[in-house]
2 protein chains.
Amino acid sequence: MANPIRVAIAGYGNLGRGVEAALAQNPDMQLVGVFSRRDPASVTLLNSDVPVYAMADVEQYQNDVDVMILCGGSKTDLPEQGPYLAQFFNTVDSFDTHATVNDYHAALDAPAQKAGHLAMMSVGWDPGLFSLNRAFGEAVLAEGKTYSFWGKGLSQGHSQAVRSVEGVKKGVQYTLPSEDAIARVRNGEQPELSTREKHVRECYVVLEDGADADTVRETIVNMPHYFAEYDSVVNFIDDDTFAREHSDMPHGGFVIRSGLTGAGNKQSIEYSLTLGSNPEFTASALVAYTRAAHRLARQGETGARSVFDVAPGLLSPKDPAQLRKELL
Amino acid sequence: MANPIRVAIAGYGNLGRGVEAALAQNPDMQLVGVFSRRDPASVTLLNSDVPVYAMADVEQYQNDVDVMILCGGSKTDLPEQGPYLAQFFNTVDSFDTHATVNDYHAALDAPAQKAGHLAMMSVGWDPGLFSLNRAFGEAVLAEGKTYSFWGKGLSQGHSQAVRSVEGVKKGVQYTLPSEDAIARVRNGEQPELSTREKHVRECYVVLEDGADADTVRETIVNMPHYFAEYDSVVNFIDDDTFAREHSDMPHGGFVIRSGLTGAGNKQSIEYSLTLGSNPEFTASALVAYTRAAHRLARQGETGARSVFDVAPGLLSPKDPAQLRKELL
């Protein structure tokens, strides 16, 4: 086997830990270091025996890293770190602010082109694999409608809102696709549905001693912006159940393309994810696109790329003939 | 808009008709002619006002066609027509003999490279979109298992076997994924399953006057090779129901990748198709890849390509910035 691809992680939270774990599942890649804005001595890795460096020193390592995986957040970290790090490294990130993807693309493209690096943006499941399925769906079924549903997924902001209610000791909130809405879409009805109509909200709450369940339920389901406009359900559970069943970070969803061909034949394409760990899945997608970014960079390609620009075979450790033989 | 892509069809059966219908849904492409081995005067198109030419004269039209879509069968037509037509045209085909894809790739690649054409092979849903999902699944979830299920789909060979049974007036057979097998896979059990264990066979039969239902059922479900080794169900219906409900060509299926990440979190990716018309869906995929083939050829690429080699954005009529804005 060729030398492994030398990979580093910039930012070490849930996503960075997921990348560390995913790299261990891919023998053609090797984690060579982690960069953090925290004091490196305070950062403990899952199980890798590689150095943790200060982000401020990152420039010094530009010859030691083939691809840098950016694991910061889209709100404040990536808009700064992406264009900065693209000067020194080939990069892969999970930028997920849908509204500003073209601004971010432009901000990444210029420094990456200038330095001769490849910058792979917005990798993960949405944006990412869901985006690809929206594109394949409308390209293949030219006449039709595309639906994206999210969930069952833990919502951090809504969980916080539940916990702010008096009488709530512990609480989490999940967003689920509406069964009724999915059934209508699968049936080929092509309904018009708002995000609100497509989803329901489900809460799991442990009450404070002496709190009144009905009062807590009413307060939650009538909370404006968060719950009042949705179908919301509140379930009361005990401490043990909460600890056992509600400490993971599941997520998932569906992309459905419903179309018509010929003289009116219904055709449906459905892509769905059921994720035990949202950050670990996103990290696994980042690692697959790290392989593609490395190959594109070695072919001399430079600048910003999205998942739409990458031939799927580049994600696989298998060579083209093996891919055709085993998977075509 | 730029000039439409000039497309021709080679071979005019169910698939060719599907391509004709799909081209009408894509305004950036234009059907310019149909080539047939039959007497052109005997070929009636669905609703296009374009000439039908003799296949023997195809060489004369090499400057009038941007992409030729090959709609012949994989058994005898494509192994001959693919390499022959790649000398004169950029081509797209649905070659689906999994066992010989690399031989076919080599046979296409040489004449296409020599003549400077692009030859897009094995487009459709399996091979095609299912192949892509097998590749994405194993690239993203490096540790796991991939399952392909087919159905509900009409099987021509097995329908013929049903009709050969004494007492059967009309009969069709559908292959369905086993609900039990799908449930185990979705549950993350990663079972070992043969093709047989993954599928059940369902027959719909109209009896001849006076035929005995139990005898017919026993004969069918015990037929060696065709039914005896499967879970098989026989339903008896009347002539009207048969005409109303069993004259289409539905098909579909699932690709499921079931994997583990991190310390053992279950992750599942599921891709499914529910197709009202199998040939029209395959045709729609051929037309989307025709757009990609044309773009690759204009970029100067030559030789044989599979779906693994094509960046998904090339399938869309939207430009890269619009794709990112609307679908990323």
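Residues numbered from 1 in each chain as written. Chains lettered and ligands numbered in written order. Predicted model: local features only at pLDDT ≥ 70, side-chain atom pairs only at ≥ 80, totals over all residues. Heavy atoms only, no water.

## Details of the relation of the copies chain B and chain A
When chain B is brought onto chain A, the operation consists of a screw motion whose angular component is 180° and whose axial shift is 0.0 Å, with 0.1 Å RMSD remaining. Each copy turns onto its partner about a two-fold axis. Within chain B, the C-alpha atom positioned nearest to the axis of rotation is that of A311 of chain B, 2.0 Å from it. (Least-squares fit on C-alpha atoms with pLDDT ≥ 70 in both.)

## Description of the sheet that holds strand 12 (residues 251-261) of chain A
Pairing in this open sheet of 6 strands is antiparallel, and the strands run 7(A)-12(A)-13(A)-13(B)-12(B)-7(B) from one edge to the other. Each end of this open sheet is capped by a strand with a single partner; those strands are strand 7 (144-150) of chain A together with strand 7 (144-150) of chain B. Strand-to-strand twist in this sheet, taken as the mean axis angle between neighbours without regard to direction, amounts to 5°. Across 9 bridges, the pairing between strand 13 (residues 265-275) of chain A and strand 13 (residues 265-275) of chain B is antiparallel. Its bridge partner lying in strand 13 of chain B, E270 of chain A is registered against S272 of chain B. Along the sheet, helix 10 (residues 278-298) of chain B makes contact with strand 12 and strand 13 of chain A together with strand 12 (251-261) and strand 13 of chain B, crossing strand 13 of chain A at roughly 70°. (Pairing = 2+ DSSP bridges. Helix = DSSP H or I, 4+ residues; strand = E, 2+ residues; numbered from the N terminus. Axes fitted to C-alpha atoms, helices over the stretch in contact; angles between N-to-C directions. Contact = heavy atoms within 4.5 Å.)

## Points about the interface of chain B and chain A
Facing 65 residues of chain B, the contacting portion of chain A comprises 65 residues. Across the chain B to chain A interface the summed buried area is about 5500 Å²; carbon plus sulfur atoms make up 58%. Put simply, E138 of chain B and K318 of chain A hold a salt bridge, and the shortest N to O gap is 2.8 Å. Where chain B meets chain A, there are 37 residue pairs in polar contact (both at pLDDT 80 or more). Those elements giving two or more residues to the side of chain B that touches chain A turn out to be helix 3 (101-115), helix 4 (129-140), strand 12, strand 13, helix 10 and helix 11 (320-327) of chain B. A total of 11 residues in the side of chain B that touches chain A trace back to one element, the largest contributor, which is strand 13 of chain B. Classifying every residue of the side of chain B that touches chain A gives 32 nonpolar, 22 polar and 11 charged. (Buried area = accessible area lost by both parts, 1.4 Å probe. Salt bridge = Lys/Arg side-chain N within 4 Å of Asp/Glu carboxyl O. Polar contact = N/O pair within 3.5 Å; in protein donor to acceptor, adjacent residues only side chain to side chain. Nonpolar A, V, L, I, M, F, W, Y, C, P; charged D, E, K, R; others polar.)

## Here we look at unusual backbone geometry
Here the amide bond leading from G151 of chain A into K152 of chain A is cis, since omega sits at 5°, within 30 degrees of zero. You can see K152 of chain A is positioned in the loop between strand 7 and strand 8 (153-154). In this chain, D126 of chain B is followed by P127 of chain B through a cis amide linkage whose omega measures 5°. On the secondary structure map, P127 of chain B appears in the loop between strand 6 (118-120) and helix 4. In this structure, H225 of chain A takes a positive phi of about 70° despite not being glycine. The backbone phi angle of S122 of chain B is positive, close to 60°, even though this residue is not glycine. Following the sequence through the fold, S122 of chain B ends up in the loop between strand 6 and helix 4. Looking at S122 of chain B, the relative accessible area reads 0%, which means it is buried. (Buried < 20%, exposed > 50% of the residue type's maximum accessible area, 1.4 Å probe, protein only.)

## A look at the nonpolar core
Counting 154 residues, the largest nonpolar core has Y289 of chain A together with Y289 of chain B as the members making the most contacts within it. If we skip the residues at most four places from it in the chain, Y289 of chain B touches F136 of chain A together with V92, M120, V123, L132, V307, V310 and L315 of chain B. (Core = buried A, V, L, I, M, F, W, Y, C linked by side-chain atoms within 4.5 Å.)

## Section: the domain arrangement of chain A
Residue and element names in this part refer to chain A. According to the domain assignment, chain A consists of domain 1 (5-126 + 279-327) and domain 2 (131-274). Placing a centre on the C-alpha atoms of domain 1 and another on those of domain 2 gives a separation of 30 Å. Contact residues are listed per partner, giving 9 residues for domain 1 and 9 residues for domain 2. Interface area for domain 1 against domain 2, summed over the two sides, is near 800 Å², with a carbon-plus-sulfur share of 71%. Taken as a group, W125, D126 and F308 account for 61% of the area that domain 1 buries against domain 2, more than any other trio of residues on that side. Taken together, the connections running from domain 1 to domain 2 amount to 1 salt bridge. Counting across the interface, domain 1 meets domain 2 through 2 residue pairs in polar contact (both at pLDDT 80 or more). Here the side of domain 1 that touches domain 2 gets 3 residues from one element, more than from any other, and that element is helix 10 (residues 278-298). Here the side of domain 1 that touches domain 2 is composed, by residue class, of 6 nonpolar, 2 polar and 1 charged. (Domains from an automatic or database assignment.)

## Remarks on the sheet that holds strand 11 (residues 231-236) of chain A
Residue and element names in this part refer to chain A. Strands sit in the order 8-9-10-11 across an open sheet of 4 strands; the sheet is mixed. Each edge of the sheet is formed by a strand with only one pairing partner; in this case those strands are strand 8 and strand 11. Along the sheet, helix 8 (residues 213-221) contacts strand 9 (168-177), strand 10 (199-207) and strand 11; its crossing angle with strand 11, the most-contacted strand, is approximately 150°.

## Here we look at the UniProt feature "binding site: substrate" (unreviewed entry) in chain A
All names here are of chain A. UniProt feature "binding site: substrate" (unreviewed entry): in the numbering of this structure it lies at W150, T175, R201, H251 and N278. Note on placement: W150 falls in strand 7. Non-local contacts of W150, meaning those with residues more than four positions away in its chain, are made with W125, D126, F130, T175, L176, P177, K198, H199, H251, G252 and G253. A polar side-chain atom of W150 sits 2.8 Å from a polar atom in the side chain of D126. Following the sequence through the fold, H251 ends up in strand 12. For H251, a relative accessible area of 16% puts it in the buried group. The residues contacting H251, other than those within four sequence positions of it, are W125, W150, G151, K152, G153, L154, L273, T274, L275 and N278. (UniProt positions renumbered as here; feature names shortened; annotations may be inferred.)

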